[in-house]
Amino acid sequence: MSVSRQGYSGLQILLHWLIAALVLFQLIFGESMGEVKDALEQGLVPDPAEQTMADAHYWVGIAILVLVALRIIVRVAQGAPAPIGSGPQLLVAKAIHGIFYLLLIAVPVTGLLAVYVNEEIGEVHEIGKPLFIAFIVLHALGALFHHFKLKDETLRRMFVPR
Ligand code: HEM
Ligand code: HEM
């Protein structure tokens, strides 16, 4: 399916780091969404700062969904470099990348469903938090292992377009 190329394009690199930064923002500040919901349920006026962060959560989450759709289109159109390494380690890396794409779609979609369809879906949405954290840790450790132990191009090629 994918075209092979020497490295990631500038656009692919920009999308990788922009999406990563936005996901971190969501993970750190996501709780405002629940705070505002609880205040409204108790008939209270939500704290304005909390409300601002909740509005940000909503729009940043939708932005992530749009950027991921763009990222998938760009990946299919421009292709990706051949993986570095082999064996079980490569399988794990590929599995984590696949899980990221799934989470990057499923987490914002369940967030939207929680707002517009049924707030119970918020419980499913919240499972995204520990899953994201666990896979980000594994993924980042993998990247650092490549860079500092294996001393290969893996991390560098997510910074330098080719
Ligand atoms: C990748 C994108 C997203 C991430 C990583 C994310 C992450 C989070 C996190 C960490 C929480 C707090 C969980 C907790 O308190 O334990 C949360 C809550 C929430 N998020 Fe998101 N979110 C994303 C996108 C969205 C979108 C697009 C919407 C809706 C438009 C949304 C709606 C909500 C709602 C309604 C809650 C409160 C759930 C509840 O209290 O039942 N999220 N999200
Ligand atoms: C929310 C955070 C992150 C997400 C969702 C994420 C997601 C992804 C995905 C889906 C890929 C596969 C790209 C493709 O070929 O389609 C990838 C590649 C990569 N990521 Fe991340 N990433 C995150 C954070 C990080 C961090 C913190 C680092 C570094 C410490 C990092 C380093 C890399 C590297 C080096 C690659 C290229 C792997 C290769 O060329 O085989 N990522 N990332």
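Definitions and cut-offs
Residues numbered from 1 in each chain as written. Chains lettered and ligands numbered in written order. Predicted model: local features only at pLDDT ≥ 70, side-chain atom pairs only at ≥ 80, totals over all residues. Heavy atoms only, no water. Near = heavy atom within 4 Å. Polar contact = N/O pair within 3.5 Å; in protein donor to acceptor, adjacent residues only side chain to side chain. Helix = DSSP H or I, 4+ residues; strand = E, 2+ residues; numbered from the N terminus. Nonpolar A, V, L, I, M, F, W, Y, C, P; charged D, E, K, R; others polar. Donors = N, O, S within 2.8 Å, 3.2 Å for Na, K, Ca; no water. Tetrahedral: all angles 85-135°; square planar, octahedral: opposite > 155°, others 65-115°. Buried < 20%, exposed > 50% of the residue type's maximum accessible area, 1.4 Å probe, protein only. Phe/Tyr/Trp six-rings, centres within 6.5 Å; stacked < 30°, edge-to-face > 60°.

**Student:** Sorry, what's going on with the site of ligand 2 here?
**Tutor:** What surrounds ligand 2 is a group of 18 residues, the closest being His16, Arg75, Tyr101, His139 and Arg157. One nitrogen or oxygen atom from the side chain of tyrosine 101 is found 2.5 Å from an oxygen atom belonging to ligand 2. The set of elements that each furnish at least two residues to the shell around ligand 2 consists of α1 (10–29), α3 (48–78), α4 (87–116) and α5 (121–150). In terms of residue class, the shell around ligand 2 is made up of eleven nonpolar, four polar and three charged.

**Student:** Would you mind showing me how to read the coordination of the iron atom of ligand 2 here?
**Tutor:** Metal coordination angles in their ideal form are 109.5 degrees for the four-donor tetrahedron and 90 or 180 degrees for the six-donor octahedron. Bound to the iron atom of ligand 2 are the protein donor atoms His16 (NE2) and His139 (NE2), situated 2.0 Å from the metal. Around the iron atom of ligand 2, the six donor atoms sit at angles spanning 87 to 180°, and that spread fits a shape best called octahedral. Taken together, the positions of histidine 16 in helix α1 and histidine 139 in helix α5 put the pair 123 residues apart, joining distant regions of the chain. The class for histidine 16 is buried, based on a relative accessible area of 12%.

**Student:** Quick question: what am I supposed to make of the packing of aromatic side chains here?
**Tutor:** Within a pair of aromatic rings, the relevant descriptors are the distance that separates the centres and the angle that separates the planes. What the rule picks out here adds up to five aromatic pairs. Summarising the aromatic geometry, the rings of tyrosine 58 and tryptophan 59 are spaced 4.9 Å apart at their centres and angled 75° between planes, so their arrangement reads as edge-to-face. Judged by relative accessible area, which is 22%, tyrosine 58 ranks as partly exposed. A ring pair is formed by phenylalanine 100 and phenylalanine 132, whose centres lie 6.4 Å apart and whose planes are at 25°; its orientation type is stacked. Highlighted residues: phenylalanine 100 in helix α4 and phenylalanine 132 in helix α5, separated in sequence by 32 residues. Of the two residues examined, phenylalanine 100 and phenylalanine 132, each falls in the buried class. Connected via pairs of aromatic rings, a cluster forms that spans Tyr58, Trp59 and Tyr116.

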